[in-house]
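Structure at a glance
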Amino acid sequence: MGEGHCSKQALDSWPVVFRRFLDLKAIDHGGFKESVDCGQCKMAQTGQYKESLKCCTYFPFLPCFSVGGVLAGGGPGASVVNDMIRNRQFVLPIGVVPSWQYRTKHKSMGGADFGQREDLLCPFFQKSTRNCTIWKSRNSACTTFYCSSDRGQAGLDAWAELYDDLYELEMHLVQEYLLFRGFSWEEICEQLEYLKLPANQMPIEYLPQEKMDSLWQHWQNQESRFFIEAFHWVSELSDADFLP
(Lines give C-alpha, C1' and ligand atoms only; values in the text may rest on other atoms or scores of the structure.)
Protein backbone atom coordinates (compact mmCIF):
# COMPACT_ATOMS: atom_id res chain seq x y z
CA MET A 1 0.00 0.00 0.00
CA GLY A 2 3.01 2.28 0.03
CA GLU A 3 4.95 4.20 2.63
CA GLY A 4 2.08 6.47 3.57
CA HIS A 5 -0.56 3.85 4.32
CA CYS A 6 -1.75 4.83 7.76
CA SER A 7 -2.04 1.45 9.45
CA LYS A 8 -0.76 1.89 12.98
CA GLN A 9 -1.11 -1.55 14.49
CA ALA A 10 2.26 -2.83 13.18
CA LEU A 11 5.21 -1.65 15.26
CA ASP A 12 7.46 -1.99 12.22
CA SER A 13 5.60 1.01 10.77
CA TRP A 14 6.99 3.20 13.56
CA PRO A 15 9.94 5.52 12.93
CA VAL A 16 13.20 3.70 13.70
CA VAL A 17 14.19 6.19 16.39
CA PHE A 18 11.06 5.40 18.43
CA ARG A 19 11.39 1.62 18.06
CA ARG A 20 14.94 1.93 19.37
CA PHE A 21 13.68 3.92 22.36
CA LEU A 22 11.23 1.15 23.32
CA ASP A 23 13.98 -1.45 23.03
CA LEU A 24 16.48 0.49 25.13
CA LYS A 25 13.87 1.23 27.79
CA ALA A 26 12.75 -2.43 27.72
CA ILE A 27 9.16 -1.32 27.20
CA ASP A 28 6.80 -4.12 26.22
CA HIS A 29 5.92 -3.64 22.56
CA GLY A 30 2.72 -5.60 23.04
CA GLY A 31 1.32 -2.83 25.17
CA PHE A 32 1.42 -0.45 22.22
CA LYS A 33 -0.50 -2.30 19.56
CA GLU A 34 -4.02 -1.38 18.51
CA SER A 35 -6.48 -2.99 16.13
CA VAL A 36 -7.42 0.41 14.68
CA ASP A 37 -6.54 0.94 11.03
CA CYS A 38 -6.32 4.60 10.05
CA GLY A 39 -6.60 3.55 6.42
CA GLN A 40 -10.23 2.73 7.30
CA CYS A 41 -10.92 5.71 9.54
CA LYS A 42 -13.96 5.03 11.72
CA MET A 43 -14.29 8.70 12.63
CA ALA A 44 -14.60 9.53 8.92
CA GLN A 45 -17.15 6.77 8.43
CA THR A 46 -19.34 8.29 11.16
CA GLY A 47 -18.89 11.84 9.85
CA GLN A 48 -16.91 13.16 12.81
CA TYR A 49 -13.95 13.68 10.48
CA LYS A 50 -14.06 14.42 6.78
CA GLU A 51 -12.82 11.40 4.88
CA SER A 52 -10.50 13.63 2.83
CA LEU A 53 -8.88 15.05 6.00
CA LYS A 54 -9.11 12.37 8.71
CA CYS A 55 -7.34 13.47 11.92
CA CYS A 56 -4.66 15.29 9.94
CA THR A 57 -5.91 18.84 10.57
CA TYR A 58 -2.73 19.36 12.54
CA PHE A 59 0.73 20.59 11.46
CA PRO A 60 3.36 18.69 13.48
CA PHE A 61 6.75 20.00 14.52
CA LEU A 62 9.19 17.79 12.62
CA PRO A 63 12.61 17.51 14.34
CA CYS A 64 15.73 18.05 12.24
CA PHE A 65 16.67 14.36 12.15
CA SER A 66 13.13 13.44 11.06
CA VAL A 67 13.30 16.06 8.30
CA GLY A 68 16.55 14.40 7.25
CA GLY A 69 14.81 11.03 7.12
CA VAL A 70 12.12 12.50 4.88
CA LEU A 71 14.70 14.03 2.53
CA ALA A 72 16.82 10.89 2.45
CA GLY A 73 13.74 8.83 1.55
CA GLY A 74 12.68 11.08 -1.32
CA GLY A 75 9.11 11.13 -2.65
CA PRO A 76 6.26 13.61 -2.13
CA GLY A 77 7.21 14.40 1.47
CA ALA A 78 10.72 15.41 0.42
CA SER A 79 9.26 17.66 -2.27
CA VAL A 80 7.14 19.44 0.35
CA VAL A 81 10.20 20.00 2.58
CA ASN A 82 12.25 21.32 -0.34
CA ASP A 83 9.47 23.77 -1.22
CA MET A 84 9.36 24.93 2.41
CA ILE A 85 13.13 25.51 2.40
CA ARG A 86 12.90 27.46 -0.82
CA ASN A 87 10.01 29.60 0.47
CA ARG A 88 11.48 30.21 3.98
CA GLN A 89 8.43 28.62 5.66
CA PHE A 90 9.71 28.33 9.22
CA VAL A 91 12.33 25.72 8.35
CA LEU A 92 14.90 26.13 11.12
CA PRO A 93 17.96 24.10 12.16
CA ILE A 94 15.84 22.51 14.91
CA GLY A 95 13.41 21.29 12.24
CA VAL A 96 10.21 22.21 10.41
CA VAL A 97 7.97 24.36 12.61
CA PRO A 98 4.35 25.36 11.90
CA SER A 99 4.20 29.01 10.92
CA TRP A 100 2.75 31.70 13.15
CA GLN A 101 -0.03 32.09 10.58
CA TYR A 102 -0.96 28.43 10.90
CA ARG A 103 -0.79 28.46 14.69
CA THR A 104 -2.98 31.56 14.85
CA LYS A 105 -5.65 29.70 12.88
CA HIS A 106 -5.18 26.52 14.90
CA LYS A 107 -5.50 28.43 18.16
CA SER A 108 -8.94 29.66 17.07
CA MET A 109 -10.11 26.14 16.27
CA GLY A 110 -13.18 24.88 18.10
CA GLY A 111 -13.60 21.30 19.24
CA ALA A 112 -15.89 20.47 16.33
CA ASP A 113 -13.35 21.81 13.80
CA PHE A 114 -10.84 18.99 14.26
CA GLY A 115 -10.94 16.72 11.24
CA GLN A 116 -13.25 19.17 9.45
CA ARG A 117 -11.31 22.31 8.45
CA GLU A 118 -9.32 21.96 5.26
CA ASP A 119 -7.34 25.15 5.96
CA LEU A 120 -5.77 23.32 8.92
CA LEU A 121 -4.73 20.25 6.92
CA CYS A 122 -1.16 19.03 7.48
CA PRO A 123 1.07 19.98 4.52
CA PHE A 124 2.43 16.44 4.48
CA PHE A 125 -0.98 14.84 3.95
CA GLN A 126 -1.60 13.83 0.35
CA LYS A 127 -5.27 14.32 -0.48
CA SER A 128 -5.15 12.26 -3.69
CA THR A 129 -4.20 9.12 -1.75
CA ARG A 130 -5.59 10.24 1.65
CA ASN A 131 -2.34 9.23 3.27
CA CYS A 132 0.70 10.66 5.01
CA THR A 133 3.80 11.32 2.90
CA ILE A 134 6.21 11.25 5.88
CA TRP A 135 4.85 8.17 7.65
CA LYS A 136 8.23 6.52 8.28
CA SER A 137 9.59 9.78 9.77
CA ARG A 138 6.49 11.12 11.54
CA ASN A 139 6.95 12.81 14.90
CA SER A 140 6.01 11.81 18.44
CA ALA A 141 2.54 13.40 18.33
CA CYS A 142 1.52 11.65 15.12
CA THR A 143 2.99 8.31 16.21
CA THR A 144 1.10 8.22 19.51
CA PHE A 145 -2.22 9.86 18.57
CA TYR A 146 -5.26 7.61 18.69
CA CYS A 147 -8.89 8.68 18.62
CA SER A 148 -9.74 5.46 20.50
CA SER A 149 -7.93 2.52 22.08
CA ASP A 150 -8.66 -1.19 22.41
CA ARG A 151 -8.01 -0.69 26.15
CA GLY A 152 -10.32 2.27 26.54
CA GLN A 153 -9.24 5.26 28.61
CA ALA A 154 -6.35 3.32 30.17
CA GLY A 155 -4.96 2.80 26.68
CA LEU A 156 -5.32 6.46 25.75
CA ASP A 157 -3.58 7.42 29.00
CA ALA A 158 -0.70 5.05 28.17
CA TRP A 159 -0.34 6.62 24.71
CA ALA A 160 -0.30 10.11 26.26
CA GLU A 161 2.44 9.04 28.67
CA LEU A 162 4.47 7.55 25.84
CA TYR A 163 4.04 10.77 23.85
CA ASP A 164 5.65 12.72 26.71
CA ASP A 165 8.61 10.32 26.70
CA LEU A 166 9.06 10.44 22.92
CA TYR A 167 8.78 14.24 22.81
CA GLU A 168 11.48 14.48 25.49
CA LEU A 169 13.62 12.16 23.36
CA GLU A 170 13.08 14.35 20.27
CA MET A 171 14.07 17.51 22.13
CA HIS A 172 17.15 15.81 23.57
CA LEU A 173 18.35 14.63 20.16
CA VAL A 174 17.65 17.96 18.46
CA GLN A 175 19.59 19.93 21.04
CA GLU A 176 22.49 17.48 21.10
CA TYR A 177 22.79 17.62 17.32
CA LEU A 178 22.79 21.42 17.24
CA LEU A 179 25.45 21.51 19.94
CA PHE A 180 27.47 19.03 17.87
CA ARG A 181 27.15 21.42 14.91
CA GLY A 182 28.50 24.35 16.91
CA PHE A 183 25.32 26.20 17.87
CA SER A 184 25.44 27.78 21.33
CA TRP A 185 22.82 27.17 24.02
CA GLU A 186 21.59 30.74 23.51
CA GLU A 187 21.12 30.15 19.79
CA ILE A 188 19.34 26.86 20.43
CA CYS A 189 17.02 28.50 22.97
CA GLU A 190 16.21 31.24 20.45
CA GLN A 191 15.12 28.59 17.97
CA LEU A 192 13.07 26.68 20.54
CA GLU A 193 11.05 29.85 21.09
CA TYR A 194 9.67 29.36 17.57
CA LEU A 195 7.76 26.36 18.89
CA LYS A 196 5.57 28.87 20.74
CA LEU A 197 3.14 31.44 19.35
CA PRO A 198 4.35 34.80 20.69
CA ALA A 199 1.74 37.19 22.05
CA ASN A 200 0.74 39.95 19.63
CA GLN A 201 2.84 38.39 16.87
CA MET A 202 1.88 39.07 13.27
CA PRO A 203 0.47 35.84 11.74
CA ILE A 204 3.18 35.47 9.10
CA GLU A 205 3.73 32.46 6.85
CA TYR A 206 7.33 33.17 5.82
CA LEU A 207 10.37 34.37 7.74
CA PRO A 208 12.39 37.34 6.41
CA GLN A 209 15.60 36.43 4.63
CA GLU A 210 17.74 38.28 7.19
CA LYS A 211 16.19 36.26 10.01
CA MET A 212 16.82 33.00 8.14
CA ASP A 213 20.44 34.02 7.56
CA SER A 214 20.83 34.70 11.29
CA LEU A 215 19.25 31.40 12.34
CA TRP A 216 21.10 29.22 9.85
CA GLN A 217 24.50 30.95 10.08
CA HIS A 218 27.11 29.18 7.91
CA TRP A 219 24.62 26.44 6.97
CA GLN A 220 22.56 28.87 4.88
CA ASN A 221 21.81 27.30 1.47
CA GLN A 222 22.94 23.92 2.82
CA GLU A 223 19.77 23.11 4.72
CA SER A 224 19.08 19.76 3.03
CA ARG A 225 22.58 18.49 3.80
CA PHE A 226 22.26 19.69 7.40
CA PHE A 227 19.05 17.69 7.86
CA ILE A 228 20.24 14.53 6.14
CA GLU A 229 23.42 14.57 8.21
CA ALA A 230 21.25 14.97 11.34
CA PHE A 231 19.37 11.82 10.35
CA HIS A 232 22.60 9.84 9.95
CA TRP A 233 24.11 11.33 13.11
CA VAL A 234 21.15 10.22 15.23
CA SER A 235 21.17 6.79 13.58
CA GLU A 236 24.82 6.27 14.53
CA LEU A 237 24.62 7.38 18.17
CA SER A 238 25.69 4.93 20.85
CA ASP A 239 22.98 3.66 23.20
CA ALA A 240 24.38 5.80 26.04
CA ASP A 241 24.25 8.99 23.97
CA PHE A 242 20.88 8.20 22.42
CA LEU A 243 18.75 8.36 25.56
CA PRO A 244 17.99 11.61 27.45
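Our structure is the block above this text.
Description of the structure in this document. Please read these numbers as outputs of a predicted model, since none were measured by experiment. (Residues numbered from 1 in each chain as written. Predicted model: local features only at pLDDT ≥ 70, side-chain atom pairs only at ≥ 80, totals over all residues. Heavy atoms only, no water.)

Pairs can form between side chains of opposite charge once their charged atoms are near each other. Tallying each qualifying case throughout the model produces ten salt bridges. Where Arg-20 meets Asp-239, a salt bridge forms, and the shortest distance between an N and an O atom there is 2.9 Å. Taken together, the positions of Arg-20 in helix H1 (residues 16-24) and Asp-239 in helix H11 (residues 239-242) put the pair 219 residues apart, joining distant regions of the chain. Relative accessible area serves as the criterion here: at 18%, Arg-20 is assigned to the buried category. For Asp-239, a relative accessible area of 44% translates into the label partly exposed. For Arg-225, the salt bridge is made with Glu-229, and the minimal N-O distance between the two is 2.9 Å. Remark: Glu-229 and Arg-225 occur in helix H10 (residues 223-235); sequence separation between them is four residues, near one turn of the helix. (Salt bridge = Lys/Arg side-chain N within 4 Å of Asp/Glu carboxyl O. Helix = DSSP H or I, 4+ residues; strand = E, 2+ residues; numbered from the N terminus. Buried < 20%, exposed > 50% of the residue type's maximum accessible area, 1.4 Å probe, protein only.)

Quick look at the environment of Trp-159 now. Along the chain, Trp-159 turns up in helix H7 (residues 152-180). A relative accessible area of 1% means that Trp-159 is categorised as buried. Considering only alpha carbons, one finds Trp-159 and Tyr-146, 13 residues apart in sequence, at a separation of 7.8 Å. Discounting chain neighbours no more than four positions away, the residues touching Trp-159 are Trp-14, Phe-32, Glu-34, Thr-143, Thr-144, Tyr-146, Ser-149 and Arg-151. Polar side-chain contacts of Trp-159 include one of 2.7 Å to the side chain of Glu-34. (Contact = heavy atoms within 4.5 Å. Polar contact = N/O pair within 3.5 Å; in protein donor to acceptor, adjacent residues only side chain to side chain.)

Our focus in this paragraph is the packing of H7 against helix H8 (residues 185-192). Remark: H7 packs on H8, axes separated minimally by 10 Å, with the N-to-C direction vectors making an angle of 135°. Considering the angle they form, H7 stands oblique to H8. Of the two elements, H7 crosses H8, and the hand of that crossing is right-handed. Where H7 abuts H8, its residues Met-171, Gln-175, Leu-178 and Leu-179 lie against Trp-185, Ile-188, Gln-191 and Leu-192. The residue inventory of the contact of H7 with H8, partitioned by class, reads six nonpolar, two polar and no charged. (Axes fitted to C-alpha atoms, helices over the stretch in contact; angles between N-to-C directions. Parallel < 35°, antiparallel > 145°, perpendicular 65-115°, else oblique. Left-handed = near helix turned anticlockwise from the far one by under 90°. Nonpolar A, V, L, I, M, F, W, Y, C, P; charged D, E, K, R; others polar.)

With that out of the way, let us pick up the packing of H7 against H10. For any two helices packed against each other, one specifies the crossing angle of their axes together with the interaxial distance. The interhelical angle for the contact between H7 and H10, taken along N-to-C directions, is 115°, at an axis separation of 11 Å. Taken as axis vectors, H7 and H10 run roughly perpendicular relative to one another. Note that H7 runs across H10; the crossing there is right-handed. Of the residues in H10, those touching H7 at Leu-173, Glu-176, Tyr-177, Leu-178 and Phe-180 are Phe-226, Glu-229, Ala-230, Trp-233 and Val-234.

Another point: the packing of aromatic side chains. Tallied over the entire structure, the rule returns 19 aromatic pairs. Aromatic pair Tyr-163 and Tyr-167: ring centres 5.9 Å apart, planes at 35°, arrangement tilted. Highlighted residues: Tyr-163 and Tyr-167, both in helix H7, separated by four residues, approximately one helical turn. Residue classification places Tyr-163 among the partly exposed residues on the basis of a relative accessible area of 28%. For Tyr-167, a relative accessible area of 31% puts it in the partly exposed group. (Phe/Tyr/Trp six-rings, centres within 6.5 Å; stacked < 30°, edge-to-face > 60°.)

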